[in-house]
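One letter stands for each residue in the lines below.
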Amino acid sequence: MIVTVTMNPAIDKTIDIDKLQHGGLNRIQKVEYDAGGKGINVSKTIRELGGKSIAAGFLGGNAGRTIETVLNDKGIQNDFIWVDGETRTNTKVFETTGEVTELNEPGPQISQEQMEQLMKKLEGYADAQTLFILAGSIPNGVDKAIYGKIIERVHAHGAKVLLDADGELFRLALDAGPDIIKPNRVELEEYAGFDYRASIEELLQTAKSLKSKGIETVAVSMGKSGAMFVRDGYEVKCPALSVKAHSTVGAGDAMVAALAYAWDQKLDNEQTVRMCIATSAGAVTTIGTKPPTRELVDELMKQVEIEKI
């Protein structure tokens, strides 16, 4: 069983324009609305791949009801804590040059009592056959060490955890020993203290140092440079696939979904890597934060090149 945890979900509003005119009139060419937030994006992609997940976290207000309706319509099981206030709307403005401007709202305030409610709900799902996905930002009022606390509590029930976070959220969670992590290149460089673009060898050594902490899988997404995977006895990198890209937004979430799906389906190392690269590449071809189709993923999997490092 896969449980995605999205503490700060959002309505993703994607706007296409020719060129953003700061301080002037902007005529919108196209608008897309999606139920979003990293964990929710992961749940949508898992469903498209043919898997199942339970989406959990916090929802509030009309935006929260909209997200719940979208998930129900897609057949994605969900079990959220309802809170006062309004779930945020995140606006992404895409220019024809490929430049993206993001406007993210803060979201509702979460109390300690509501956080404990969510903790107990997650513990209710936790057992040796469960993978929790902790992804994205946290709302106002929540301790930045929360991911580490969740890891400790679900680990006590034998569950596994896939962590996709950055900055202090990432750093503070590592001591609790997540089982799978998916930093991107910038997040890994920041964690390691590099103030320059690290080489592949430096990224590999950093990934291996994280692996030595007991993390089973370290997957590093590197944008146009592809991705790197470090597991027991298996260290590889893959060039990015050549696809017609609309936006890179959601590519990391797609890779997380592929990692989770591969874990649930008990895929071997090579199939896991192919699934991750293909799903991530497929995601950049879609508009907004929509997942790629399984048919596209299967086609792209054939194109993945795997290089031992």
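Below: a short report on this structure. (Residues numbered from 1 in each chain as written. Predicted model: local features only at pLDDT ≥ 70, side-chain atom pairs only at ≥ 80, totals over all residues. Heavy atoms only, no water.)

1. Description of the overall build of the chain
- Regarding its fold elements, the chain presents ten helices and 14 strands.
- Taking 19 Å as the expected radius of gyration for a compact globule of 309 residues, we find that the chain reaches 19 Å, a close match to that expectation.
- When its C-alpha atoms are laid out on the principal axes, the chain stretches across 50 × 45 × 40 Å.
- For the chain, the residues scored as buried account for 52% of the 309 residues in total.
- Pairs at least 24 residues apart make up 65% of the contacts formed inside the chain by residues separated by at least 6 positions.
- When the accessible surface of the chain is summed, it comes to about 13,800 Å², and 46% of that surface belongs to carbon and sulfur atoms.
- Taking the average place of the 35 positive charges on the side chains of the chain and the average place of its 44 negative ones, the gap between the two points comes to 2 Å. (Helix = DSSP H or I, 4+ residues; strand = E, 2+ residues; numbered from the N terminus. Rg over C-alpha atoms; globule rule 2.2 N^0.38 Å. Buried < 20%, exposed > 50% of the residue type's maximum accessible area, 1.4 Å probe, protein only. Contact = heavy atoms within 4.5 Å. Areas by Shrake-Rupley, 256 points an atom, 1.4 Å probe, with all protein chains shown as cover. Lys, Arg positive; Asp, Glu negative; His and termini not counted. Charge placed at Lys NZ, Arg CZ, Asp CG, Glu CD.)

2. With respect to unusual backbone geometry
- With a phi angle near 55°, Lys-266 is a residue other than glycine that sits in the positive phi range.
- Inspection of the secondary structure puts Lys-266 in the loop between α8 (251-265) and α9 (269-283).
- For Lys-266, a relative accessible area of 73% translates into the label exposed.

3. Remarks on the sheet that holds strand β8 (residues 131-135)
- Judged by pairing direction, the sheet is mixed, and its ten strands sit side by side in the order β5-β4-β1-β8-β9-β10-β11-β12-β13-β14 without closing on themselves. Strands at the two margins of the open sheet, each flanked by one partner only, are β5 (77-82) and β14 (307-308).
- Of the pairings in the sheet, the one linking strand β10 (residues 180-181) to strand β11 (residues 217-221) comprises two bridges and is parallel in character. In the sheet register, Ile-181 faces β11, and the bridge partner there is Val-218. (Pairing = 2+ DSSP bridges.)

4. So, the nonpolar core
- Of all hydrophobic cores here, the largest spans 46 residues; its most connected members are Met-7, Met-115, Phe-132, Ile-146, Tyr-147 and Ile-150.
- Those residues in contact with Tyr-147 that sit more than four places away from it in its chain are Met-7, Leu-134, Ala-135, Gly-136, Ser-137, Ile-138, Leu-163, Ala-165, Leu-169 and Ala-173.
- By size, the runner-up hydrophobic cluster in this structure holds 33 residues, among which are Leu-162, Tyr-234, Leu-241 and Val-273. (Core = buried A, V, L, I, M, F, W, Y, C linked by side-chain atoms within 4.5 Å.)

5. Focus: helix α2 (residues 61-73)
- For α2, spanning 13 residues, the distance from its first C-alpha to its last is 18 Å, which sits close to the expected 18 Å at 1.5 Å a residue.
- In this fold, the buried residues of α2 make contact with β2 (10-17), β3 (30-36), α1 (38-49), β4 (54-59) and β5.
- Backbone geometry just downstream of α2 places Gly-75 in the positive-phi region, at approximately 75°. (Expected span 1.5 Å × (residues − 1).)

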